[in-house]
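Spelled out from the first residue to the last, the chains are:
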Amino acid sequence: MKLKLSAMMRAMRDKTGLDQRAFATELNLSQSCVSKFETGKKIPSFPQMIQWAEACNAKDLIIAYIATGDGLNVLQSAMQIITGG
């Protein structure tokens, strides 16, 4: 089962503790744009994905997702490293 990019982007933002509005402000985007990325209604450009990942301190995660196309396994592995489990 592959994790959708939109779900991964939302999970990454959620880990920052910022709501969509605050996160949008940090990235100089509209809250609507953040929402559309997180629901899959809009596809971010590659530079936008990298900017998002950098803001979430998860650049390696997004690069691994892009390289493998398997976000679920990447996210599970990252969570094991983060939580020590």
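If you're wondering where the values come from, they're calculated on a predicted model, not measured in any experiment.

Cut-offs applied
- Throughout, a residue's number is its position along its own chain's written sequence, starting from 1.
- Since the coordinates come from a predicted model, pLDDT governs what is reported: local features require at least 70, and pairs of side-chain atoms require 80 or more to be given and counted, while whole-chain, interface and lining totals use all residues.
- Processing note: side-chain calculations cover all non-hydrogen atoms of the structure and skip hydrogens and water entirely.
- As used here, the term nonpolar core means buried Ala, Val, Leu, Ile, Met, Phe, Trp, Tyr and Cys residues forming a set that is joined through side-chain atoms within 4.5 Å.
- The rule is simple: take the accessible area with a 1.4 Å probe, protein chains only, and divide by the maximum for that residue type; under 20% is buried, over 50% is exposed, in between is partly exposed.
- Helical segments are the DSSP runs of H or I of at least four residues, strand segments are the runs of E of at least two, and each set is numbered from the N terminus.
- Contact definition: two residues touch when any of their heavy atoms are within 4.5 Å.
- Here pLDDT means the predictor's own confidence in every residue, given as a number from 0 to 100.
- Put simply, two rings from Phe, Tyr or Trp (the six-membered ring, in Trp's case) pair if the centres are within 6.5 Å, and we call them stacked under 30 degrees between planes, edge-to-face over 60, tilted for the rest.

Colleague: Teacher, can you tell me more about the nonpolar core here?
Modeller: A general trend in soluble globular proteins is that nonpolar side chains are found buried together. Residues L5, M12, F23, W52, C56 and I62 are the most contacted members of the largest nonpolar core, which totals 19 residues. Contributions of two or more residues to this core are made by helix 1 (5–16), helix 2 (20–27), helix 3 (31–39), helix 4 (46–55) and helix 5 (59–68). Those residues within four positions of F23 in sequence are excluded, and the remaining contacts are R13, T16, L18, V34, W52, A55 and C56.

Colleague: Would you explain unusual backbone geometry in this entry?
Modeller: Trans peptide bonds make up most of the peptide bonds, and negative phi angles are found at most residues other than glycine. Although it is not a glycine, N28 sits at a positive phi angle of roughly 60 degrees. Summarising the element assignment, N28 is placed in the loop between helix 2 and helix 3. Unlike most non-glycine residues, N57 shows phi in positive territory, near 55 degrees. Locating N57 in the fold gives a position in the loop between helix 4 and helix 5.

Colleague: In this structure, what is going on with the confidence of the model for the chain? I would like to understand it.
Modeller: If pLDDT is low for a region, its predicted coordinates should not be looked at in detail. Summing up the model confidence of the chain, the mean pLDDT is 82 and the portion of residues at 70 or higher is 76%. In the model of the chain, helix 6 (residues 71–83) stands out as the element of lowest mean pLDDT, 60, in contrast to helix 2, which has the highest, 97.

Colleague: Just checking my understanding: could you explain the packing of aromatic side chains for this structure?
Modeller: For any pair of aromatic rings, the description rests on two quantities: the centre-to-centre distance and the angle between the ring planes. In total, this model carries 2 aromatic pairs according to the counting rule given. Measuring from centroid to centroid gives 4.7 Å for F23 and W52, while their planes differ by 65 degrees, and the two rings are edge-to-face. Highlighted residues: F23 in helix 2 and W52 in helix 4, separated in sequence by 29 residues. Classification of F23 as buried rests on a relative accessible area of 0%. The exposure class assigned to W52 is buried, which follows from its relative accessible area of 1%. When the centroid spacing of 6.0 Å and the interplanar angle of 70 degrees are considered together, the rings of F37 and W52 count as edge-to-face. Here F37 is found in helix 3, whereas its partner W52 is found in helix 4, with 15 residues between them in sequence.

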